Amino acid sequence: MNRRTFVKLVGAYAPAFALPQQLLANSNDTIKPIVISTWEPNKKANAKAWEILSAHGSALDAVHQGVMVPEADPDDHSVGLGGHPDRDGHVTCDACIMDHLANIGSVMCLEHIVHAVSVARLVMEKTPHVQLVGEGALQFALLNGFKKENLLTPKSEADWKKWLKTSKYDPMTTVRDIEKRIKESHDTIGMIALDENNNLSGACTTSGMAYKLPGRVGDSPIIGAGLYVDNEVGGASATGVGEEVVRICGSHTIVEAMRHGKSPKEACKLAIERLIKIKGAEKAKEIQLGFIAINKSGEIGCYSMLPEFTMAVHSAKGEQIINSDYFFESSIKK
Ligand code: GLY
C-alpha cells in the first residue's frame, strides 16, 4: 500500500506534548559546562564531549571530539564511515566547526575521509580560508596526514543497491528517503557546548541526504545554516532537510532571535514558523526539520516541524534526552 501522511496542525498547542524534562530544559534552570546534540543516539557523542568539559577542557575540543564519535561509527548511516552514499554510490561528507572567537572552518562534499570535522578544524586553524570543497578538500586532508579510506561499508552499499532497484532516480525521492531515515534512526549531528570558562563552540557533521545528486551540499557545513555560535548570545544547530534550513539561514536566525530576547526554545520555534510562512503549511508539513539551541546562560531548547525529533543533553546532572515539541502532528502510515 502507498505511504500516506496524515497531518494535523497543532501549532500553539504543542506545549501539551511537553515532557517533564522539556519543562526543565526550557526553563531558567541553567548549568555549565553543558553539551547538547541533535538526536538521542548522539548521547554517545555527548559522553565524549562531557569527558573533555568535565576535565576543564574547552568547548571547542569537546564538540570536535564529540562529533568524531558518530563519524567513526559504521552503524551510524547519517555521518562519516558507513554513511549513505549519493545516488552514484559515493559517500561524500559535509562538516563545519565554529569557536567562541567566531573562527570558522568547513568542508563540503569531501570523500574518503572519516573525520570531516577534523579537516574542517584544520581549515579553520591552518588556512586563510573558511571553506574547502570536493577534490581540493580531499587533497588538503591528504597533505595534512589524513588517511584515504572507503566509507561505503557493506551495509550502506547493500542499502544503496536496494534503493537503486526500487527507487525513482529523482531528487524528490531522496527528500522522502531522508524523512524515512530520520524516522528510522537519526540524521546529522549538530553539537554545541558551553565550557567552564563560559565559552561556546559548535560542530556539525553529516554524510548528507541519502542518495542525493552527486555534488549536493546541504545545510550542515554552511555557517549560519547548519550551525552558528555567537559567544555573546548563544549557539544553534540544525538537522533535517538541509535545503530548507539553508533557505532561512536557520541557525543564524535562531541566534539573532535569542539576541533579541527569545528563549532558546522560542527562537527555534520562530525559525520553524518562518519556514512555514515561506513555504505555506501544506508544503511545510511534509518537511522534517529540527533545531537545538543554547544561550549564554546555559539555558537550552529545541523545536521541530514534525514529531519524533530528540535532543541529547549532558551536564553535571548527567545525561538527559528531550523529546522536542513540534509544530505539526504527523503520522506516516504504510
Ligand atoms: N541536514 C543534513 C543535510 O540535509 O545534508
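The coordinates are above.
Residues numbered from 1 in each chain as written. Predicted model: local features only at pLDDT ≥ 70, side-chain atom pairs only at ≥ 80, totals over all residues. Heavy atoms only, no water.

## Structural notes on the sheet that holds strand 5 (residues 131–133)
Ordered by their spatial adjacency, eight strands build an open sheet running 5-4-3-7-6-2-12-13, and the pairing between neighbours is mixed. The two strands at the open ends of the sheet, each matched to only one other strand, are strand 5 and strand 13 (318–323). Taking each pair of neighbouring strands and ignoring which way they run, the sheet shows an average axis angle of 10°. In this sheet, strand 7 (residues 200–206) lies alongside strand 3 (residues 92–98) in antiparallel orientation, the contact comprising five bridges. Paired with Ile 97 across the two strands is Ala 203, which belongs to strand 7. (Pairing = 2+ DSSP bridges. Helix = DSSP H or I, 4+ residues; strand = E, 2+ residues; numbered from the N terminus. Axes fitted to C-alpha atoms, helices over the stretch in contact; angles between N-to-C directions.)

## Let's talk about the pattern of salt bridges
Under the definition given, this model contains 15 salt bridges. With a shortest N-O distance of 2.8 Å, Asp 61 and Arg 121 are connected by a salt bridge. With Asp 61 in helix 3 (residues 59–71) and Arg 121 in helix 4 (residues 116–126), this pair connects stretches of sequence that are 60 residues apart. Taking relative accessible area as the criterion, Asp 61 reaches 27% and is therefore assigned partly exposed. Among the charged side chains, a salt-bridge network with shared partners connects Asp 61, Arg 121 and Glu 125. (Salt bridge = Lys/Arg side-chain N within 4 Å of Asp/Glu carboxyl O. Buried < 20%, exposed > 50% of the residue type's maximum accessible area, 1.4 Å probe, protein only.)

## A short note on the site of the ligand
Every residue near the ligand is listed here: Asp 187, Thr 188, Gly 208, Met 209, Arg 216, Gly 218, Asp 219, Ser 220, Gly 240 and Gly 242. Separating an oxygen atom of the ligand from a side-chain N or O atom of Arg 216 is a distance of 2.7 Å. Between Asp 219 and the ligand, the recorded distance is 2.8 Å, taken from a side-chain N or O atom to a nitrogen atom. Considered on its own, the ligand offers 200 Å² of accessible surface; in the complex 100% of this is hidden by protein. Its residues assigned to classes, the shell around the ligand comprises one nonpolar, six polar and three charged. (Near = heavy atom within 4 Å. Polar contact = N/O pair within 3.5 Å; in protein donor to acceptor, adjacent residues only side chain to side chain. Areas by Shrake-Rupley, 256 points an atom, 1.4 Å probe, with all protein chains shown as cover. Nonpolar A, V, L, I, M, F, W, Y, C, P; charged D, E, K, R; others polar.)

## Describing the nonpolar core
Counting residues in hydrophobic clusters, the biggest one holds 49 residues, and the most contacted among them are Ile 254, Phe 291 and Met 305. At six residues, helix 10 (residues 264–279) tops the list of elements feeding residues into this core. Residues contacting Met 305, with those up to four places away along its chain left out, are Ile 272, Leu 275, Ile 276, Ala 284, Ile 287, Gln 288, Leu 289, Tyr 326, Phe 327 and Phe 328. In terms of nonpolar packing, the next biggest core, distinct from the first, is built from 39 residues, Val 63, Leu 81, Val 91 and Ala 137 among them. (Core = buried A, V, L, I, M, F, W, Y, C linked by side-chain atoms within 4.5 Å. Contact = heavy atoms within 4.5 Å.)

## Digging into the packing of helix 4 against helix 5 (residues 134–143)
One way to put it is that helix 4 packs onto helix 5 with a least axis distance of 10 Å and a crossing angle of 85°. Here helix 5 runs roughly perpendicular to helix 4, going by the angle between their axes. Residues Val 119, Leu 122 and Val 123 of helix 4 form the contact with helix 5, whose participating residues are Ala 137, Phe 140 and Ala 141. (Parallel < 35°, antiparallel > 145°, perpendicular 65-115°, else oblique.)

## Here's the deal with the packing of aromatic side chains
With the rule as written, the count across this model stands at three aromatic pairs. Between Trp 39 and Phe 309, the ring centres sit 5.0 Å apart and the planes meet at 85°, which makes this aromatic pair edge-to-face. Separated by 270 residues along the polypeptide, Trp 39 in the loop between strand 2 (34–38) and helix 2 (43–54) and Phe 309 in the loop between strand 11 (300–304) and strand 12 (310–315) bring together distant segments of the chain. The same class applies to Trp 39 and to Phe 309, which are both buried. For the ring pair Trp 163 and Tyr 211, a centre distance of 4.6 Å and an interplane angle of 20° mean the geometry is stacked. (Phe/Tyr/Trp six-rings, centres within 6.5 Å; stacked < 30°, edge-to-face > 60°.)

## Re the sheet that holds strand 9 (residues 234–240)
An order of 8-9-10-11 is seen for the four strands of this open sheet, with the pairing classed as antiparallel. Sheet topology places strand 8 (227–230) and strand 11 at the edges, where each strand pairs with a single neighbour. Across the sheet, the axes of successive neighbouring strands diverge by a mean angle of 10°, strand direction being ignored. Where strand 9 meets strand 10 (residues 289–295), seven bridges bridge the pair, whose relative direction is antiparallel. When the bridges of strand 10 are listed, Thr 239 appears paired with Gly 290. Where helix 9 (residues 250–259) meets the sheet, it contacts strand 8, strand 9 and strand 10, and its direction lies at approximately 145° from that of strand 9.

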